[in-house]
Structures are given as C-alpha cells and as structure tokens.
Amino acid sequence: MASRFNALKADAHWQGVWDSARTFAARDDSPRPKSYVLEMFPYPSGKIHMGHVRNYTMGDVLARFRRMQGMEVLHPMGWDAFGMPAENAAMEKGVHPGTWTRANIASMKAQLKRLGFALDWTRELATCEPDYYGHEQALFLDLYEAGLVYRKESAVNWDPVDMTVLANEQVIDGRGWRSGALVEKRKLSQWFLKITDFADELLEGLDGLEHWPDKVKLMQENWIGKSQGLQFRFKLSPHPIPAPLPARREGLGVGAFVESAAPASSQPTPDPSLPGRGLEDVEVFSTRPDTIFGASFVAVAADHPVAREVVATNPDAADFIERCKQGGTTAAEIETQEKLGFDTGLTAQHPLDPAWQLPVYIANFVLMDYGTGAVFGVPAHDQRDLDFARKYGLPVKRVVSDHDETAPVFVGDTAYTGPGTLVNSHFLDGMDIEDAKRAVISRAEGEGWGTGTTVWRLRDWGVSRQRYWGTPIPIIHCDACGPVGVPKDQLPVVLPEDVAFDIPGNPLDRHPTWKHVDCPKCGAAARRETDTLDTFVDSSWYFIRFASQPKDKPFDRVAAEQWLPVGQYIGGVEHAILHLLYARFWTRALKHIGQLDIAEPFAGLFTQGMVTHETYQTQVEREASAEEQAKLGVETITDLAWVPTDDIDRTEAGVFQRSTGIPVKTGRVEKMSKSKKNTVDPEPIVDQYGADAVRFFVISDSPPEKDLEWSEAGIEGAWRFVQRLWRLFDGEKSGEGADAALDRKVHRTIAGVATDIEALAFNKAVAKLYELTGAIEKAAPSASRTAAIATLMRLVAPMTPHVAEEAWAAAGGEGLIADAPWPAVDPALLVDDEVTIAIQVNGKLRDTLVMPKGLPKDQIEAAALASDKVVRILEGKTPRKVIVVPDRLVNLVA
Ligand code: ANZ
Ligand code: ZN
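Residues numbered from 1 in each chain as written. Chains lettered and ligands numbered in written order. Predicted model: local features only at pLDDT ≥ 70, side-chain atom pairs only at ≥ 80, totals over all residues. Heavy atoms only, no water.

Describing the overall build of the chain
In step 1: A tally of helices and strands in the chain yields 28 helices and 37 strands.
In step 2: Dimensions of the chain, computed from C-alpha atoms along their principal axes, come out at roughly 110 × 85 × 75 Å.
In step 3: The buried share of the chain, reckoned over its 894 residues, is 51%.
In step 4: Across the chain, contacts joining residues at least 24 apart in sequence account for 73% of those joining residues at least 6 apart.
In step 5: In the form shown here, the chain has an accessible surface area of approximately 40,800 Å², with 52% of it arising from carbon and sulfur atoms.
In step 6: Distance from the positive charge centre (97 side chains) to the negative charge centre (125 side chains) of the chain: 4 Å. (Helix = DSSP H or I, 4+ residues; strand = E, 2+ residues; numbered from the N terminus. Buried < 20%, exposed > 50% of the residue type's maximum accessible area, 1.4 Å probe, protein only. Contact = heavy atoms within 4.5 Å. Areas by Shrake-Rupley, 256 points an atom, 1.4 Å probe, with all protein chains shown as cover. Lys, Arg positive; Asp, Glu negative; His and termini not counted. Charge placed at Lys NZ, Arg CZ, Asp CG, Glu CD.)

Notes on the sheet that holds strand 37 (residues 889–893)
In step 1: Pairing is mixed across the open sheet formed by four strands, whose spatial order is 35-34-37-36. Because the sheet does not close on itself, it has two edges, and the strands there are strand 35 (844–852) and strand 36 (881–885). Across this sheet, the average inter-strand angle for adjacent strands is 15°, counted without regard to direction.
In step 2: Note: strand 36 against strand 37, five bridges, orientation antiparallel. Bridge assignment links Val885 to a residue of strand 37, and that residue is Leu889. (Pairing = 2+ DSSP bridges. Axes fitted to C-alpha atoms, helices over the stretch in contact; angles between N-to-C directions.)

So, the pattern of salt bridges
In step 1: This model, assessed by the stated rule, comprises 46 salt bridges.
In step 2: A salt bridge links Arg443 to Glu447, with the nearest nitrogen and oxygen atoms 2.8 Å apart. Linking Arg443 with Glu447, this pair stays in helix 13 (residues 433–447), spanning four residues, or about one helical turn.
In step 3: Taking the relative accessible area as the measure of exposure, Arg443 reaches 15% and is therefore buried.
In step 4: Among the residues examined, Glu447 registers a relative accessible area of 37% and is labelled partly exposed. (Salt bridge = Lys/Arg side-chain N within 4 Å of Asp/Glu carboxyl O.)

Considerations on the pairing of strand 9 (residues 184–193)
In step 1: Here strand 5 (residues 149–159) pairs with strand 9 via 10 bridges, running antiparallel. Pairing of Val149 across the sheet is with Leu193, part of strand 9.
In step 2: Note that strand 9 and strand 19 (residues 461–462) share two bridges and pair antiparallel. Counted as the bridge partner of Leu193 is Trp461 from strand 19.

Some points on the coordination of the zinc ion (ligand 2)
In step 1: Only Cys478 (SG), Cys481 (SG), Cys519 (SG) and Cys522 (SG) from the protein coordinate the zinc ion (ligand 2), and they sit 2.2 to 2.4 Å from it.
In step 2: Taken together, the four donor atoms surrounding the zinc ion (ligand 2) define angles of 104 to 113° at the centre, an arrangement classified as tetrahedral.
In step 3: In primary sequence terms, the donor set of the zinc ion (ligand 2) follows C-x2-C-x37-C-x2-C.
In step 4: What makes Cys481 partly exposed here is its relative accessible area of 27%. (Donors = N, O, S within 2.8 Å, 3.2 Å for Na, K, Ca; no water. Tetrahedral: all angles 85-135°; square planar, octahedral: opposite > 155°, others 65-115°.)

Section: the site of ligand 1
In step 1: Surrounding ligand 1, one finds 18 residues, the nearest of these being Ser227, Ser286, Thr287, Leu367 and Tyr370.
In step 2: In the model, an oxygen atom of ligand 1 is placed 2.5 Å from a nitrogen or oxygen of the Ser227 side chain.
In step 3: Separating a nitrogen atom of ligand 1 from a backbone N or O atom of Leu367 is a distance of 2.7 Å.
In step 4: Protein contact buries 87% of the 650 Å² of open area that ligand 1 shows by itself. (Near = heavy atom within 4 Å. Polar contact = N/O pair within 3.5 Å; in protein donor to acceptor, adjacent residues only side chain to side chain.)

Focus on the sheet that holds strand 24 (residues 525–528)
In step 1: With antiparallel pairing, the four strands of this open sheet are ordered in space as 22-21-24-23. Because the sheet does not close on itself, it has two edges, and the strands there are strand 22 (482–485) and strand 23 (516–518). Averaged over all adjacent pairs, the angle separating strand axes in this sheet is 40°, with direction ignored.
In step 2: Taken together, the three bridges between strand 23 and strand 24 define a ladder with antiparallel strand orientation. Residue Val517 lies in a different strand from strand 24, and its bridge partner there is Ala526.

Structural notes on the nonpolar core
In step 1: If you look at the biggest cluster of nonpolar residues, it comprises 170 residues, and the most contacted ones within it are Tyr36, Tyr542, Phe543, Trp586, Trp710, Phe729 and Ile757.
In step 2: In terms of residues, this core owes the most to one element, helix 2 (residues 50–68), which gives nine residues.
In step 3: When neighbours within four sequence positions are excluded, Ile757 is seen to be in contact with Val61, Leu62, Phe65, Phe762, Ala765, Met799 and Trp822.
In step 4: In terms of nonpolar packing, the next biggest core, distinct from the first, is built from 41 residues, Phe234, Val310, Cys324 and Ala444 among them. (Core = buried A, V, L, I, M, F, W, Y, C linked by side-chain atoms within 4.5 Å.)

Side note on the side chain of His304
In step 1: Within the secondary structure, His304 sits in the loop between strand 12 (297–300) and helix 9 (305–313).
In step 2: By relative accessible area, His304 is classed as buried at 7%.
In step 3: Once you skip the residues sitting within four places of it in the chain, His304 turns out to touch Val282, Met368, Thr372, Gly373 and Ala374.

In structure tokens, the structure reads:
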C-alpha cells in the first residue's frame with residue numbers, strides 16, 4: 001500500500017539538498033547553451049503575497065524546464081530595496097529604514113526558499129546596499145560625463161505645513177498625506193536623464209521585440225508619443241475689426257481665400273496701446289495641418305508668453321489664469337476638466353488668408369510643455385475644440401467628409417476625427433487627409449511660414465528625490481566650480497546611518513555633517529547633493545548586475561554579454577510603461593557610451609494576470625448619533641465593513657464572520673488587496689498543503705495572462721493531485737508487456753508539455769499532465785506503465801519538484817531529478833494513431849467511427865455492423881455485400 005506524501009518533511013529535505021549542492025548556481029563558464037529567466041524583483045515590504053507566488057512559480061517552471069533541456073540557466077533573485085515605505089515605517093515606528101528593510105528581506109527570502117524556487121542565491125543583491133548603489137553612482141557619473149545627465153528647474157509637490165517635498169503618492173486629493181495641507185508646486189533645481197535623446201531608438205526598437213505582448217508595445221509607443229505635423233506661425237494683432245464681434249463669431253469664419261499670399265489691404269496697423277505689442281507671432285503645432293481651413297480660433301496655454309503679456313495689462317486674464325492653475329496641470333487632469341477659455345482680444349491672421357482673423361484665447365486645455373504651448377482649434381474635427389467652440393459660440397466648419405456630406409455647417413456635439421476627403425478647403429478639396437497634410441506642409445515650407453516637425457510626448461526623466469532612503473546622487477556643489485562629480489575612487493557615497501525621522505523632510509539635508517565636504521576640484525568648502533535617485537534607476541540595470549558582479553566595477557562587459565539579453569522576463573503589467581522603458585533606455589545609454597553591446601535588455605516579456613479572491617462584508621447596525629439623527633432623520637445607521645478572508649466560516653447555514661458570528665455577505669471576486677481584506681497569506685497555506693500543491697495550483701486554473709481566482713477547492717484539488725502522483729510513484733511494482741496506446745499517450749504528453757511550457761501556457765501543460773496521470777491510473781500493469789510512471793516523474797518535476805525528487809530518489813534515480821534530462825520523444829509515437837472511418841449504407845453516409853489505425857478488415861466490419869445507427873437502418877437484414885477500405889470507409893450494400 002502506497003504511503004502518503006509528507007510534503008512538510010520532503011520540502012525541507014530537498015530544499016536543503018539543493019542549497020548545499022548549489023544546484024541552481026549558474027556557471028558563467030558552462031559549455032551549455034545559456035538561458036536567462038528573470039522575474040521582476042520584489043520590493044521587500046515584509047511578506048510575499050500570492051501575486052509573488054504566481055509570478056515566481058511561472059519563472060521557476062520555465063527555469064527548471066530549461067535546465068532539464070540541457071541549458072545553463074541563470075535564474076537570480078534580489079531586492080528592489082529603496083523607497084518610501086521604509087521611510088514611512090521609520091516615521092511611524094521609529095525603526096531605521098535599513099533595519100526595517102533588511103529584516104523584511106530576511107523573512108521574504110525564507111518564504112521564497114520555502115516554495116522551493118530554483119534560484120541562484122549566490123547572486124542575490126539588494127539595491128539598498130553600498131555594494132550595489134555604489135556601482136550605480138559610478139554609472140550615473142559615466143552618463144553625466146557623456147552629457148546624458150543635466151540639471152534643470154522643475155516643479156515639486158511642496159507641503160507648506162510639514163515644510164517638505166512630497167512624492168506623488170503622498171499627495172492625496174491635492175493634500176499632504178500627513179498634514180492634510182493643500183499642496184503647492186515649488187520650483188527646485190533637479191537632475192534629469194536625457195531619455196528624449198533616445199526617443200526614436202526606443203520607439204523603433206519596439207518593432208524588433210517579437211516576444212513582447214502587443215499591448216505593452218502599444219503602451220510604450222503611446223508613452224513615447226511621436227507626432228508628426230506642422231509647426232507654423234500666426235501673425236498676431238490687436239482687435240483689427242472695429243465692427244461688433246458677433247458678426248465674426250456667428251459666421252463660419254471663412255475669409256475670402258487668396259491663392260497667392262499677397263499682402264492684404266485689410267491688414268490692420270497694430271495699436272501700440274493694446275496688448276500684443278512685441279508679440280507679433282504665435283507658433284502653433286498641429287498634427288492635422290490638413291484641417292487648416294477649418295480653424296476657428298487660436299488658443300495658448302496659461303503660462304504661454306502671449307498669456308503673460310495679456311495678463312500684464314488685463315487683471316481679468318490674471319484671475320482666469322489663477323482659476324486654471326487650481327484645476328491641476330497633468331494631461332490626465334486636463335482631459336477631464338471642463339474646457340475654459342479667456343478671450344484675449346487679440347486676433348491671429350490665418351496664414352493662407354490674410355483677411356481672415358481668428359480670435360486668440362487663453363485656454364485651460366492647452367499644455368505649456370507640449371509642442372509649442374499653442375494650438376489652432378478645428379472644432380469639427382477635434383473633440384476638445386468642439387466642446388470649446390460650442391461653449392463660446394465659435395464657428396464650426398466641416399473640412400473633412402467621410403461620405404457625401406459636404407455642407408460647411410457641422411452639426412452635433414461629436415467631432416469627426418476619422419478618415420475622409422477634404423471639403424470646403426480650396427486647393428485641398430478632394431484630397432485625402434494624408435495628401436492634404438503633405439500639400440499644406442510643402443506650401444508652408446515653400447512660403448516660409450512653417451516647417452514639417454516631429455514632436456514627442458516623452459519628457460526627460462527627472463531622477464531627483466528629496467528623500468533619505470535612496471541612492472545618494474554622487475555630486476558635490478561648489479560655488480566656484482559648479483556641480484562636480486564625486487571622484488570614482490571616493491565611491492560609494494554611503495548614506496549616513498545616524499539620521500532621525502522624528503520631523504518631516506529630508507534627513508540628509510539636515511544631517512549636521514554629511515553634506516559638508518570639500519570640492520574635489522578646487523578644495524574649497526562645498527556642499528554634497530542631498531537628493532537621492534528615483535528608485536526606478538535602481539531597477540534599470542539590476543539584471544545586468546545579476547549577470548556579472550565584479551567587486552570593482554558595475555559589471556564585466558564580456559561576462560554580462562554572455563547572459564544578456566534576458567531571454568524571458570516575467571512581471572506585472574503595472575510596469576509595462578515606466579520600468580520597462582527606463583530599463584530599455586539605460587541599456588541603450590550604456591551601449592551609447594560603449595559599456596555594453598546590447599540594445600534591448602529583455603528579448604521576451606510576459607505579463608501575468610492577478611490573483612483574485614471573493615470579498616466579504618458585514619452590515620453592522622448601530623444607533624445613530626444625535627447629529628446623524630438630526631441630519632438624516634434615522635435612528636439606526638448601517639455600517640459596511642470588509643471581513644478578512646481568514647475570519648470567514650462557511651457552514652450549511654451560510655457564511656459567517658468567525659470572530660463575531662455575524663452573517664456575512666459575499667461580494668465580488670476582486671484582486672487581492674489589503675484594503676478589501678481579501679488576501680490569502682501564502683505562508684500558512686504552504687505549511688498546510690506543501691510547496692508543490694501551492695505551486696501547482698497557481699499555474700493550473702487559468703491561462704497565465706489571465707486572473708486566477710484563489711479558492712480553497714482549488715488548492716485542495718492541487719493537493720489531491722500531488723497525493724495521486726505520489727501513489728503512482730510509490731506504488732508501482734514493475735510490470736511486463738507492452739501497452740501501445742499508453743506509450744503513444746506518454747510521448748504525446750512529453751512533446752505537448754514541452755511546447756506548452758515553452759509558450760508559458762502552463763495551464764495547458766497541467767491539463768495534459770492530469771490526462772496522462774488518469775490514463776496511467778487506469779492502465780493495467782505492463783512495462784509500458786512502469787516506464788510511463790518514470791517519465792511522469794520528470795514531466796512534473798518543473799512544477800512539483802519536491803514530490804518528483806522524493807520519487808526519483810526512492811526509485812533509485814541517478815543524482816537529482818532537477819539535473820535529469822527532459823525525457824526524449826520518440827517521433828514515431830507522435831504519429832496520429834486514430835482514424836475516423838465513414839460508415840455508409842447503400843452509398844449514403846450513416847455514421848462515423850473513431851478507431852485505432854491499421855485495424856484488420858474483419859474488426860472494422862464488425863464495428864460497423866454493431867453501430868446503433870446501422871442496426872436501425874438495416875432493420876435486422878444482413879447486408880448483401882460489405883466493402884471495407886481499411887482506415888477509411890465501410891460501405892454496406894443492403
Ligand atoms: C489642429 C488640429 C485639428 C489638431 C484637428 C487636432 C485635430 P498629438 O496627436 O497628441 O500629438 N495640440 C498641440 N499642442 C498642444 C498643447 N500644447 N496642448 C494641447 N493640445 C495641443 O496631438 C497633437 C494635436 O493636439 C495638435 O493637432 C493640436 O491640435 C493639439 F482636427 O491642431 B491639432
Ligand atoms: Zn570647486
């Protein structure tokens with residue numbers, strides 16, 4: 001009788017064996033083909049969560065599989081260890097960020113080990129240690145020297161009560177998270193990396209990333225945001241038309257078109273007493289120069305020089321601009337705000353018709369730092385412009401038609417932004433959009449009032465953070481020499497340990513001695529930079545340091561290039577933009593300065609789905625306070641509260657909160673999160689079911705890119721499967737004789753599981769393993785069955801390595817199953833072994849039968865005659881004649 005698989009004991013035993021044998025340490029000098037499998041390294045928050053378990057299991061299955069296929073696999077692990085939570089913990093609990101972080105690392109490392117991940121712990125790194133960030137400082141200085149780092153004034157969030165700079169995530173609804181004070185924007189001199197120098201390369205490079213999800217490439221493309229269009233000038237003048245304004249505003253705003261740009265006689269002479277003096281031109285940028293005859297206004301950003309000029313003489317404009325500032329200035333905020341404008345009283349002369357004057361507005365939907373900070377508005381073909389035009393009663397003229405509608409008056413509140421033919425546009429009429437764009441650009445360039453240009457949405461990367469727990473920026477500020485890089489032999493610039501977090505602000509800045517240093521150039525008293533680097537810098541090159549970690553430099557080029565690029569990178573889609581773009585930039589920057597000849601860091605990328613769980617809520621009734629009674633007119637108030645997953649009791653009578661006995665309402669299945677209290681802590685689950693069951697469950701139930709719903713039934717099912725495997729492994733007495741069908745099943749499974757794992761389709765591989773297990777269980781004893789069980793051990797080894805090792809050892813396998821080769825496939829056994837045979841009666845198809853290939857004629861005939869359908873049609877008669885074409889057809893002539 002087979003025993004029970006004791007996971008607790010086996011897990012610990014095999015994890016110890018792998019550890020002491022350094023089974024998963026990657027050898028640089030191995031003659032085997034190299035494979036680099038990497039999951040995004042975790043932030044050491046204190047505990048691993050189910051999302052980590054799923055992410056790391058996927059990478060682990062692939063890494064173990066590739067090892068079995070004979071590759072030298074690099075599968076390292078480290079810690080993205082700088083960042084705000086450690087400082088928050090320091091402020092809340094009085095513990096030093098380093099102490100807190102290192103303790104978290106220790107406990108999370110133990111938790112990862114407990115899952116039996118095949119990780120090369122000899123290369124473990126933590127970004128908060130000087131032996132990592134010191135090298136980062138060296139790289140920063142190299143980029144500085146190469147002109148890829150510069151300083152610029154830039155706005156930060158300033159908390160006026162706590163007197164400190166806040167990170168974006170510390171600003172909640174416009175207020176400081178601690179003080180609750182309204183956050184202000186302040187300008188500070190900060191460090192930037194010139195990622196925009198690489199905008200083109202980063203965009204083009206996406207094309208070559210065949211093994212990246214399309215959606216991620218699209219997100220990167222949009223973030224980089226390359227726009228091609230026309231940049232051109234409008235001549236500005238003060239009010240040129242003494243006639244009442246409504247005349248201009250009610251019509252369609254189409255002046256008489258003048259084919260040649262002859263100076264118009266109507267050209268007004270600027271009145272020097274009006275604003276606009278000295279502001280003769282406004283540059284605009286447009287991606288739709290084809291719509292130039294649909295223009296009905298010009299708009300500038302609130303901080304555009306034209307707006308400032310207007311403000312100087314017009315207090316109403318100043319009020320308007322103040323109002324704009326309150327609304328927020330990010331692109332996302334602007335998108336959702338109501339479109340507001342202020343008529344400056346200036347007009348702009350249409351470049352293709354000097355007699356046509358457009359009103360000039362200051363508008364809250366125009367961004368200063370994109371394009372030129374000014375636009376011309378075409379309401380019929382741009383939604384923002386249409387909203388704006390409808391609000392201020394401006395003309396809306398159709399210039400692109402998608403069907404036969406050519407009337408110049410555009411009705412409705414939805415702009416038409418699709419393809420079409422140009423109408424109401426003089427020399428452009430009849431062209432498609434692309435031709436019209438080219439025609440306008442070439443005319444502008446020919447006449448000298450504009451140029452075809454490319455504009456990027458991507459901005460340089462601001463890396464300065466006014467925080468303690470980060471990589472110190474290795475710069476010294478000298479009054480005489482300016483910013484001077486710390487000499488490399490003085491690196492690392494180490495964070496001081498004696499810092500206090502009892503008051504807000506940057507402890508580096510108020511440390512009594514740390515920042516006072518002498519200038520490395522002239523020796524005068526100077527000041528150390530007290531900003532630290534954005535933690536995204538730390539994660540922009542860690543995968544290089546994993547591949548090669550010499551003591552004296554960031555990496556050894558030859559060693560690093562042996563492993564890079566990362567063959568398969570696995571992580572959350574939340575990093576689809578920033579982390580991946582920064583890492584791509586950093587890699588290209590290193591290539592640019594000749595340190596590493598790799599263009600793209602991650603050849604393959606996979607973004608896994610989330611782990612979800614049911615949510616639970618209780619309704620607790622309480623007496624309303626006097627105030628509530630007065631206000632709401634009720635005597636009782638019902639409060640809703642989330643109930644933690646581990647405080648749930650399911651009984652036949654329903655679902656209850658265990659600690660209180662109160663009935664619980666089960667809510668939607670949502671991403672596990674602390675706020676909804678629907679998390680499941682992996683640690684006790686691993687203790688209860690063993691590492692293999694947990695590993696198996698997180699990859700079995702859904703495709704890896706989809707969400708996985710955690711359920712007790714699911715983990716129990718996985719546990720039962722591990723026990724089934726063990727019963728097979730442990731209970732087999734070697735049999736005799738062949739079982740051809742089972743042999744075929746085994747070899748198809750070997751091939752299928754390999755293809756599935758290679759494609760990261762783990763759930764499909766799991767389904768095949770279930771099937772094979774079932775087939776073996778059903779098969780009668782035979783030599784084939786014994787062999788099938790031995791093969792199954794190896795097939796499950798990447799997923800459930802502990803039970804596989806245990807079985808391998810018990811069966812007297814050589815060495816470790818982790819080092820065993822993936823079973824070989826016999827191609828002859830992959831050939832289709834079943835055929836579909838057509839059964840005809842008097843030439844008419846009556847049935848089909850699926851039968852083993854190559855059966856003798858009499859067996860096929862017998863099966864055909866036994867078919868229910870045939871029996872019914874023959875009504876007891878014996879056919880006169882039976883024609884059998886083996887593997888194809890049977891015709892019964894009645
Ligand atoms: C005229 C026009 C007509 C436009 C039309 C669009 C549609 P993307 O594609 O994102 O680059 N724009 C230019 N600079 C701007 C700024 N600083 N703030 C707000 N909007 C700005 O967008 C380019 C388009 O966005 C430009 O083309 C401009 O409006 C507007 F039927 O010009 B367009
Ligand atoms: Zn100096």
